[in-house]
Amino acid sequence: MRKLALFAPVFAVLFFAHFASAQLASDQQVDFFLGGGTLLSSSSNSSSSSFLPAEKGGTYLNVGGDAVFLQHRLGINIETAWRASQGVYISGVENYRPILTDFNLLYQPRLGKAAGLDLMAGIGAGDTRFYQPGPSCSGCINYVSTDHFMEHLGGGIRYYVWHRVVFVRPEIHYYHIQSNNNLNNNGAFSSNNLFRVGASVGFTLGGGSH
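Attention here is on the structure that accompanies the text. This structure is a prediction, so every number in the text was calculated from the model and none was measured.

**Observations concerning the overall build of the protein chain**
So, step 1. What the protein chain contains, in helices and strands, is one helix and nine strands.
So, step 2. Classification of the 210 residues of the protein chain by burial places 46% in the buried group.
So, step 3. Expressed as a percentage of contacts within the protein chain between residues at least 6 apart in sequence, the contacts between residues at least 24 apart total 64%.
So, step 4. Of the accessible surface of the protein chain, which amounts to about 10400 Å², a share of 64% is contributed by carbon and sulfur atoms.

**Considerations on the pairing of strand E5 (residues 94-107)**
So, step 1. Within E5, 10 of the 14 residues are buried, which leaves the element mostly enclosed by the surrounding structure.
So, step 2. Bridge analysis of strand E3 (residues 74-83) against E5 gives nine bridges, and the strand direction is antiparallel. Across the sheet, the residue bridging to asparagine 77 is asparagine 104, located in E5.
So, step 3. In terms of strand pairing, strand E4 (residues 87-90) meets E5 through three bridges, oriented antiparallel. Its bridge partner being in E5, valine 88 is matched across the sheet by asparagine 95.
So, step 4. What sits between E4 and E5 in their antiparallel hairpin is a turn of three residues, with glycine 92 showing a positive phi close to 80°.

**So, the nonpolar core**
So, step 1. Within the largest apolar cluster, eight residues are counted, these being Leu39, Tyr60, Ala81, Leu100, Met150, Tyr175, Ile177 and Leu194.
So, step 2. If we skip the residues at most four places from it in the chain, leucine 39 touches Glu55, Lys56, Gly57, Gly58, Tyr60, Leu100, Leu194, Phe195 and Arg196.
So, step 3. Tyr89, Phe130, Ala188 and Phe189 belong to the second-largest nonpolar core, a separate cluster that totals six residues.

**A look at the pattern of salt bridges**
So, step 1. Summed over all chains, the structure comprises seven salt bridges.
So, step 2. Residues aspartate 118 and arginine 169 are paired through a salt bridge, measuring 2.7 Å at the closest nitrogen-oxygen approach. Within this pair, whereas aspartate 118 is found in strand E6 (residues 115-131), its partner arginine 169 is found in strand E8 (residues 166-177), the two being separated by 51 residues in sequence. Comparing aspartate 118 with arginine 169, the two get one shared label, buried.
So, step 3. Residue arginine 169 is classed as buried on the basis of its relative accessible area, which comes to 1%.
So, step 4. One network of salt bridges, with partners in common, ties together Asp31, Asp66, Asp118, Arg158, Arg169 and Glu171.

**What to know about unusual backbone geometry**
So, step 1. For histidine 163, which is not glycine, the phi dihedral falls at a positive 50°.
So, step 2. Along the chain, histidine 163 falls in the loop between strand E7 (143-162) and E8.
So, step 3. Given a relative accessible area of 57%, histidine 163 falls into the exposed group.
So, step 4. One non-glycine residue with positive phi stands out, namely asparagine 186, at about 65°.
So, step 5. Mapped onto the elements of the fold, asparagine 186 is located in the loop between E8 and strand E9 (193-206).

**Describing the packing of aromatic side chains**
So, step 1. Per the counting criterion, the structure on display carries nine aromatic pairs.
So, step 2. Both rings, one in phenylalanine 130 and one in phenylalanine 189, keep their centres 6.4 Å apart while their planes meet at 20°; by these two values the pair is stacked. Note that phenylalanine 130 is positioned in strand E6 and phenylalanine 189 in the loop between E8 and E9, a separation of 59 residues in sequence. Comparing phenylalanine 130 with phenylalanine 189 shows no difference in burial state: the two are buried.
So, step 3. Ring centres of tyrosine 160 and phenylalanine 167 lie 5.6 Å apart, and the angle between their planes is 70°; this geometry places the pair in the edge-to-face category. Each of the two residues, tyrosine 160 as well as phenylalanine 167, counts as buried.
So, step 4. Connected via pairs of aromatic rings, a cluster forms that spans Tyr89, Tyr96, Phe130 and Phe189.
So, step 5. Arginine 158 extends its terminal NZ or CZ atom over the ring of phenylalanine 167, reaching a point 4.1 Å from the ring centre.
So, step 6. For arginine 169, the ring lying beneath its charged end belongs to phenylalanine 33, and the centroid distance is 4.4 Å.

About the thresholds
- Residues numbered from 1 in each chain as written.
- Predicted model: local features only at pLDDT ≥ 70, side-chain atom pairs only at ≥ 80, totals over all residues.
- Heavy atoms only, no water.
- Helix = DSSP H or I, 4+ residues; strand = E, 2+ residues; numbered from the N terminus.
- Buried < 20%, exposed > 50% of the residue type's maximum accessible area, 1.4 Å probe, protein only.
- Contact = heavy atoms within 4.5 Å.
- Areas by Shrake-Rupley, 256 points an atom, 1.4 Å probe, with all protein chains shown as cover.
- Pairing = 2+ DSSP bridges.
- Core = buried A, V, L, I, M, F, W, Y, C linked by side-chain atoms within 4.5 Å.
- Salt bridge = Lys/Arg side-chain N within 4 Å of Asp/Glu carboxyl O.
- Phe/Tyr/Trp six-rings, centres within 6.5 Å; stacked < 30°, edge-to-face > 60°.
- Lys NZ or Arg CZ within 6 Å of the ring centre and 35° of its normal.

And the structure:
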């Protein structure tokens, strides 16, 4: 799962670029996007995890792509979001950086010539890297990772600011990370439930965009 989280953005770009290079029908399209936001966390799931830190705050970057190629504006989506800088887990002792990667079924209805929805549901992996504070060593790995299976729901409102090519998308994502609050299964935070709110900027190929 760790390697999957690391290489998923590369796979996404290669897959969607290959898809876009083919002749797209008028009702098919490929999108690429990148953006930013922050992470929110619900209250702790149980009293036993209430003493664990909450996994929230910080600036998160995201990159991904999707392809709509089935009837009724259905397709697939892949996306990775990660904390731009290390967060403080235990002050002076340990820092952390989550990486959230999800694969989804996508429903992309149009609301008009310049607007639409992106609705997605799928599964993925939550990878959290734990670092020792201080300068990193040269040529070595200065972190350990915990990996957890997760479910994902997401939605955004897409608005095209230039023809049907360049769009902005305010969005919200919900992650349910299995055993994220279970110390017996490498859990490290107070809740299994996370929300990412932010916005992405992207461009569209096909779908009547030209």
